[in-house]
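Chain by chain, the residues run as shown.
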Amino acid sequence: MATVAFLGLGVMGYPMAAHLKNKGGHDVTVYNRTAARAEKWVAEHGGRSAPTPADAADGKDFVFACVGNDDDLREVAIGPSSGAFSAMKKGAIFIDNTTASAEVARELAEKADARGFGFLDAPVSGGQAGAENGVLTVMVGGAQEHFDRAKPVIEAYARMVGLMGPAGAGQLTKMINQICIAGLVQGLAEGIHFGKRAGLDIEKVIEVISKGAAGSWQMENRHKTMNAGKYDFGFAVDWMRKDLGICLAEADRNGAKLPVTALIDQFYKDVQAMGGRRWDTSSLLARLEK
Ligand SMILES: NC(=O)c1ccc[n+]([C@@H]2O[C@H](COP(=O)([O-])OP(=O)(O)OC[C@H]3O[C@@H](n4cnc5c(N)ncnc54)[C@H](OP(=O)(O)O)[C@@H]3O)[C@@H](O)[C@H]2O)c1
C-alpha cells in the first residue's frame, strides 16, 4: 500500500482515483478545484480530501494529476501559492494523466528532477468507460526506475501500461493515437452519410463491413449513435480540438506533414460553431448532414 494524492476529479480522474483506493488498496487523498466534487468522492469512497494541490501532495509517495490542458497542469503542479511540487517529498513520483504537450512534460520533468523527485507523463486512452472499468491504456514517458516503481500503482486503473521513452514520449504517443483517430472518424462519418444517401440499411451495412478490413473501435462503438444522430456523450469536441492543436504544434516543430489531421481540426471547428463543443467526436457526421 502506498500513500497517493489525486488532483482533478473530472470525468476521468474521479473513477481513476476510485480504482487506486478500492482496487489498488492505496491510501488516497483527493484534491479538486471545485471542492464539492472532492467531498462527494470522499463520501462515496472514504479517504481524505485536501483544500489545495500542495496539501494533497504533502509527503505522499505518488501524486497523480488528470486536469484539462498545459496551463491547468502548470497550475496544479507549480502554481505559485499551492502547487503540488512545493510540498512533494524527495523520492516521490508525480504521474500526469492529463493529455498535454510534450514540452510541458519535459519542463516539469526537469523541475521535478531538480527537486529530487520523479515525473512521468502518462496520458491515457480508453475514454470514460475505460476509466470507469479500470481498463485504460497508459502511454508513459520518463525514467525507467520511476516507471518500474509507478507501474504496479498505475495498474489499478489500466489494462496496458507502456514506457515509450524519456520525458515527453508518453504525450508524443498519445498524439499519434489522436492523429490515427481523427481521419478514421471522418471516414466513418462519410461512409454512414453516403450509405444513408444511397438508401441502404446502415445497421446491416455495418454488421457486414465491420467484420472486414474496414472494422474499427469507432465503427463498433459509435455507428449506432451516429446513425441515430445522438452525440450528447463521450469524448468532447473541445477536448479533441485541444489535442489536435497539440499534434499540429508538435508537427510544426518536428517537420511531420499532417494534411488530413489539419483538415479534420477545421471540421471540428465547424462542429463547435454548430453548438457541438461538448458533443462526442463522432459528431463529424452532424456536420455532413447539416
Ligand atoms: N473524457 C475522456 O474521454 C478523455 C479520454 C482520454 C483523455 N482525456 C484527457 O484527460 C484530461 C481530463 O479529461 P476529463 O474528461 O476528465 O475532463 P473534465 O471532466 O473536464 O475534468 C477536468 C478536471 O480538471 C480540473 N481542472 C481543470 N483546470 C484546472 C485548474 N486550472 N486547476 C485545478 N483543477 C483544474 C477540473 O476541476 P473542476 O471540477 O473544478 O472544473 C476537473 O476536475 C484531459 O486532458 C482530457 O483531454 C479525456
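Residues numbered from 1 in each chain as written. Predicted model: local features only at pLDDT ≥ 70, side-chain atom pairs only at ≥ 80, totals over all residues. Heavy atoms only, no water.

### Some thoughts on the pairing of strand S5 (residues 93–96)
The two faces of S5 match: Ile-93 and Ile-95 on one face and Phe-94 and Asp-96 on the other face are all buried. Viewed along the sheet, the connection from strand S4 (residues 62–65) through helix H4 (residues 70–78) into S5 turns out right-handed. (Buried < 20%, exposed > 50% of the residue type's maximum accessible area, 1.4 Å probe, protein only. Helix = DSSP H or I, 4+ residues; strand = E, 2+ residues; numbered from the N terminus. Right-handed = clockwise from strand over helix to strand, strands pointing away.)

### Quick notes on the domain arrangement of the protein chain
Many descriptions give the size of an interface as the accessible area lost when the pieces come together. Domain parsing of the protein chain yields domain 1 (3–165) and domain 2 (172–289). Relative to domain 2, the C-alpha centre of domain 1 lies at a distance of 29 Å. Contact residues are listed per partner, giving 13 residues for domain 1 and 11 residues for domain 2. Summed over both partners, the interface of domain 1 with domain 2 comes to about 1000 Å²; 60% of that surface belongs to carbon and sulfur atoms. Between the two partners, domain 1 and domain 2, sit one salt bridge. (Domains from an automatic or database assignment. Contact = heavy atoms within 4.5 Å. Buried area = accessible area lost by both parts, 1.4 Å probe. Salt bridge = Lys/Arg side-chain N within 4 Å of Asp/Glu carboxyl O.)

### Examining helix H12 (residues 259–273)
Between its first and last C-alpha atoms H12 spans 22 Å; for 15 residues at 1.5 Å apiece the expected length is 21 Å, and the two agree. Buried residues along H12 sit against helix H8 (169–197), helix H11 (237–254) and helix H13 (284–289). Within two residues after H12, Gly-275 carries a phi angle of roughly 100°, on the positive side. (Expected span 1.5 Å × (residues − 1).)

### What about the pattern of salt bridges?
Within the structure shown, the criterion is met by 15 salt bridges. When the shortest N-O distance is used, the salt bridge between Glu-250 and Arg-253 registers 3.2 Å. Separated by three residues within a single helix, Glu-250 and Arg-253 lie in helix H11, roughly one turn from each other. A relative accessible area of 8% places Glu-250 in the buried class. Using a relative accessible area of 44% as the deciding quantity, one classes Arg-253 as partly exposed. Note that Arg-287 is salt-bridged to Asp-270, the shortest N-O span being 2.7 Å. Pair noted here: Arg-287 is in helix H13 and Asp-270 is in helix H12, with a separation of 17 residues, a long-range link. Overall, Asp-270 belongs to the partly exposed group, its relative accessible area being 30%. One salt-bridge network, in which partners are shared between bridges, spans Asp-71, Arg-74 and Glu-107.

### Description of the environment of Asp-61
Position of Asp-61 among the secondary structure elements: in the loop between helix H3 (53–57) and S4. For Asp-61, a relative accessible area of 23% puts it in the partly exposed group. Setting aside chain neighbours within four positions, we find Asp-61 in contact with Ala-2, Thr-3, Lys-89, Ala-92 and Ile-93. Among the polar contacts listed, one links the side chain of Asp-61 to the backbone nitrogen of Thr-3, at a separation of 2.9 Å. Among the polar contacts made by the side chain of Asp-61, one reaches the side chain of Lys-89 at a distance of 2.8 Å. (Polar contact = N/O pair within 3.5 Å; in protein donor to acceptor, adjacent residues only side chain to side chain.)

### Let's talk about the site of the ligand
Around the ligand, the structure places 23 residues, and the nearest of them are Val-11, Asn-32, Thr-34, Gly-68 and Lys-242. One nitrogen or oxygen atom from the main chain of Gly-10 is found 3.3 Å from an oxygen atom belonging to the ligand. In this structure, Asp-72 approaches the ligand through a side-chain N or O atom, which is 3.1 Å from a nitrogen atom. With the chains in place, 88% of the 900 Å² that the ligand exposes on its own is no longer accessible. Take the shell around the ligand: its biggest share by element is three residues, from H4. For the shell around the ligand, a count of residues per class yields nine nonpolar, nine polar and five charged. Of the domains in this structure, domain 1 (3–165) and domain 2 (172–289) are the two that each give at least three residues to the shell around the ligand. (Near = heavy atom within 4 Å. Areas by Shrake-Rupley, 256 points an atom, 1.4 Å probe, with all protein chains shown as cover. Nonpolar A, V, L, I, M, F, W, Y, C, P; charged D, E, K, R; others polar.)

### Here's the deal with the pairing of strand S8 (residues 136–141)
Most of S8 is tucked away, with five of its six residues classed as buried. Judged from the two bridges that link them, strand S7 (residues 124–125) and S8 form a sheet pairing that is antiparallel. The residue bridging Ser-125 from the neighbouring strand is Thr-137, located in S8. Two elements, S8 and strand S9 (residues 158–165), share six bridges in a ladder whose sense is parallel. Each residue of the ladder has a partner; that of Gly-141, found in S9, is Gly-165. For the crossover from S8 across helix H7 (residues 144–154) to S9, the handedness is right-handed. (Pairing = 2+ DSSP bridges.)

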